[in-house]
Amino acid sequence: MKVSVILTSYNKPDFIDRVLKSMMEQTYPNWELLIMDDGSEPDTINQIKPFLDDKRIQLYPHLVHPVNRLVTVRYATLINEALTHITGELVCYLTDDTVYRKDRLQKMVDVFQSNPHIDIVYSSQRVVHVDQHLIETMTFIREADHLLEHASFQVDHCSVMHRSRLLPLIHEKFGQYWDDDPKHWHHADSVFWMRLNHFATFFPLKDELDTTYKTPQSFHHMFSSMPYDLIDGTVIQREGAYYQIAHKYLHEIDKRWVDEKKRRAVRVPLLCTMKYESKSMLKVPNYTVVTADHGKTFYYIEDQQKRRFASKRDVQYFQFHPKEIYAISNELLQVLDEGKLIQASSAFSPPNRRLFKWKKIVYLLVHDTFCRIDPELVKLFAFDHQPIKLYPSQFPLFQEGKPIVPLYMESLDEFNMSLYQTSGRKHSS
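From a predicted model like this one, the values you see are computed outputs, not experimental measurements.

## Focus: the overall build of the protein chain
The helix and strand inventory of the protein chain stands at 12 helices and 23 strands. In terms of overall dimensions, the protein chain has C-alpha extents of about 85 × 45 × 40 Å along its principal axes. Taken over 429 residues, the protein chain has a buried fraction of 54%. Looking at the protein chain alone, contacts between residues at least 24 apart form 75% of all its contacts between residues at least 6 apart. Per element, the accessible surface of the protein chain, about 20,000 Å² overall, is 51% carbon and sulfur. Averaging the locations of the 53 positively and 55 negatively charged side chains of the protein chain gives two centres separated by 5 Å.

Here it is, written out as structure tokens:
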């Protein structure tokens, strides 16, 4: 039985060599490897090239414009392409940070050869967390110990092998093999497992047959902790310069506006920013408190308008610390248009991008909309003030918007389990 292995690759020069060596060392010889590279830098491609002398290995290089990199789940898109090229009776998947054990293919093929009724096999997996120096910090085993009617969120991408005869059934029912909708960035494999489960059960193989490495730089890990859209006003650093997100555009800002005491840049995976088109430089960043008269009058910059605080007391009420206030020239202040007054009373007119609390729930005011924000993101995006308590008369003044949560939470909330019921199974294991 021929095994088609699909390897998705993107900028892992420190790992790709050992991944490919693990394929070359397989005790089972009848395999093909399709390397779906997603536009890696030359150092990764140079690690791959020596292995292309083996006729069983084919490299499929891809180029994608940065602004399109998050339009789909790239690894799922590449797998879908690879599945149109495979020639094997069995299919399995590999990533550029996972290593197969030498007998991985042989042991799985043995299961299929001796059990014609089994369509899907999954094995135990060792998970190794490493630091930035690739030194192991933690390890554990994902056990394969029982039949799975619902394998989603229980089995890793690289621990599965299935018969290729399931693929046309999946495509006919779902319109594609892997779902590459961007909301599934964190778990496109689990969506595919649900599709497989519609036709077959996952059979366990207790042997530990692959090792996957989790690094601090793993885009998959970092991106899942971010919301799909970065919070308006976020400041990032890229190639030595600083930028602020403003209405889904990226604007450069001068370095003088960024420091640890007043405003710091948020660490964001580079790919998270590629979808934002760059616009003109901001003379004064949004969501900045400024004064041009030595502290007699204070303004808050929003959407490049200056919103005057009704009094110093309002600056304190909305929890702006003196260290956050910048002194600017009157000439620069006059360039900015007038915005609405900021005051806590008598009319409640709060500044945007501040945290508020209503009935024990924390909200972020974004473009005059209260959006529930996950505590994980409060810390990640460096909101260091305490949520401001809202009174019963204040909360109804603004609409409630879409919650701001990490992508993995957002995608799970949107995930429609009813689409992937296992009733009507045509192949039973």
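Next comes the rest of the description.
## Here's the deal with the confidence of the model for the protein chain
Predicted confidence across the protein chain gives a mean pLDDT of 90, with 92% of residues reaching 70 or more. A low-confidence stretch, residues 417–429 (pLDDT under 50), is modelled with 36 contacts involving residues beyond four sequence positions or located in other chains.

## Topic: the environment of Asn 197
Relative to the helices and strands, Asn 197 resides in helix H6 (residues 188–197). Note on Asn 197: relative accessible area 2%, which makes it buried.

## What to know about empty space enclosed by the protein
Counted according to the given criterion, the structure contains 2 cavities of 30 Å³ or more. What the largest cavity holds in volume is close to 40 Å³. What lines the largest cavity is simply Tyr 122, Ser 123, Gln 125, Arg 142, Glu 143, Gln 154, Val 155, Asp 156 and Ser 159. Examining the composition of the lining of the largest cavity, we find that 3 residues originate from one element, strand S6 (residues 120–130), more than from any other. Class assignment for the residues of the lining of the largest cavity results in 2 nonpolar, 4 polar and 3 charged.

## Considering unusual backbone geometry
Leaving glycine aside, a negative phi is the common case for residues, and trans is the common case for peptide bonds. Residue Ser 346 is reached from Ser 345 by a cis peptide bond, and omega for that bond is 5°. As for its position among the elements, Ser 346 is in the loop between strand S18 (337–338) and strand S19 (355–358). Notably, Arg 353 is not glycine yet its phi reads approximately 60°, a positive angle. Take Arg 353: it is sitting in the loop between S18 and S19.

## Concerning the sheet that holds strand S14 (residues 288–291)
The strand order across the open sheet built from 5 strands is S17-S14-S15-S16-S18, with neighbouring strands paired in mixed fashion. Two strands bound the open sheet, and with one partner strand each, they are strand S17 (325–327) and S18. One ladder, built from 3 bridges, connects S14 with S17; its direction is parallel. Bridging across to S17, Thr 291 finds its partner in Ala 327.

## Some remarks on the pattern of salt bridges
As a working rule, side chains carrying opposite charge can pair if their charged atoms are close by. Under the counting rule described, the total for this entry stands at 18 salt bridges. Across the pair Arg 195 and Asp 179 runs a salt bridge whose closest N-O atoms are separated by 3.4 Å. Taken together, the positions of Arg 195 in helix H6 and Asp 179 in the loop between helix H5 (167–174) and H6 put the pair 16 residues apart, joining distant regions of the chain. Residue classification places Arg 195 among the buried positions, given a relative accessible area of 3%. The exposure class assigned to Asp 179 is buried, which follows from its relative accessible area of 12%. A salt bridge links Glu 277 to Lys 279; its shortest N-O distance comes to 3.9 Å.

## What about the side chain of Arg 74?
Relative to the assigned elements, Arg 74 resides in helix H3 (residues 74–82). Once residues within four sequence positions are removed from consideration, Arg 74 is found in contact with Asp 38, His 62, Val 64, Arg 69 and Trp 185.

## Remarks on the pairing of strand S9 (residues 202–214)
In this sheet, S9 lies alongside strand S5 (residues 98–100) in antiparallel orientation, the contact comprising 3 bridges. For Thr 98, the partnering residue across the bridge sits in S9 and is Thr 212.

## As for the nonpolar core
Among the nonpolar cores identified, the biggest contains 37 residues, and Ile 6, Leu 83, Trp 178, Phe 192, Trp 193 and Phe 202 are the most heavily contacted of them. Sorting the residues of this core by element identifies strand S2 (31–37), H3, strand S4 (90–95), S6, H5 and H6 as the ones contributing at least two each. Among the elements that take part in this core, H3 stands out by supplying 5 residues, more than any other. Setting aside residues up to four positions removed in sequence, Trp 178 forms contacts with Tyr 75, Ala 76, Ile 79, Asn 80, Leu 83, Tyr 93, His 157, Ala 188, Asp 189, Phe 192, Trp 193 and Arg 195. Of all hydrophobic cores here, the second largest spans 34 residues; its members include Ile 16, Phe 51, Val 109 and Tyr 213.

## So, the pairing of strand S12 (residues 249–253)
Taken residue by residue, a regular strand's side chains alternate between the two faces of the sheet. Sheet topology note: the strand S11 (residues 241–246)/S12 ladder contains 5 bridges and is antiparallel. Across the sheet, residue Tyr 242 finds its bridge partner in S12, namely Ile 253. Linking S11 back to S12 in an antiparallel pair, the connection comprises 2 residues, with His 247 at a positive phi of about 50°. Where S12 and strand S13 (residues 277–279) come together, 3 bridges link them in parallel fashion. Following the sheet pairing, Tyr 249 is matched in S13 by Glu 277.

## With respect to the packing of aromatic side chains
One pair of aromatic rings is described through two measures. These are the centre distance and the angle between the planes. Per the counting criterion, the structure on display carries 24 aromatic pairs. Both rings, one in Tyr 317 and one in Phe 318, keep their centres 5.0 Å apart while their planes meet at 90°; by these two values the pair is edge-to-face. Here the guanidinium or amino end of Arg 238 rests over the ring plane of Tyr 243, the centre of that ring lying 5.3 Å away. The ring of Tyr 287 has Arg 353 lying over it, and the distance from NZ or CZ to the ring centre is 6.0 Å.

What counts as what
- Residues numbered from 1 in each chain as written.
- Predicted model: local features only at pLDDT ≥ 70, side-chain atom pairs only at ≥ 80, totals over all residues.
- Heavy atoms only, no water.
- Helix = DSSP H or I, 4+ residues; strand = E, 2+ residues; numbered from the N terminus.
- Buried < 20%, exposed > 50% of the residue type's maximum accessible area, 1.4 Å probe, protein only.
- Contact = heavy atoms within 4.5 Å.
- Areas by Shrake-Rupley, 256 points an atom, 1.4 Å probe, with all protein chains shown as cover.
- Lys, Arg positive; Asp, Glu negative; His and termini not counted.
- Charge placed at Lys NZ, Arg CZ, Asp CG, Glu CD.
- pLDDT = per-residue confidence, 0-100.
- 1 Å grid on protein atoms, 1.4 Å probe; cavity = no way out; pocket = protein on both sides within 12 Å on 5 of 7 lines; lining within 4 Å.
- Points joined across faces, edges and corners; volume = space filled by probe spheres on them.
- Nonpolar A, V, L, I, M, F, W, Y, C, P; charged D, E, K, R; others polar.
- Pairing = 2+ DSSP bridges.
- Salt bridge = Lys/Arg side-chain N within 4 Å of Asp/Glu carboxyl O.
- Core = buried A, V, L, I, M, F, W, Y, C linked by side-chain atoms within 4.5 Å.
- Phe/Tyr/Trp six-rings, centres within 6.5 Å; stacked < 30°, edge-to-face > 60°.
- Lys NZ or Arg CZ within 6 Å of the ring centre and 35° of its normal.

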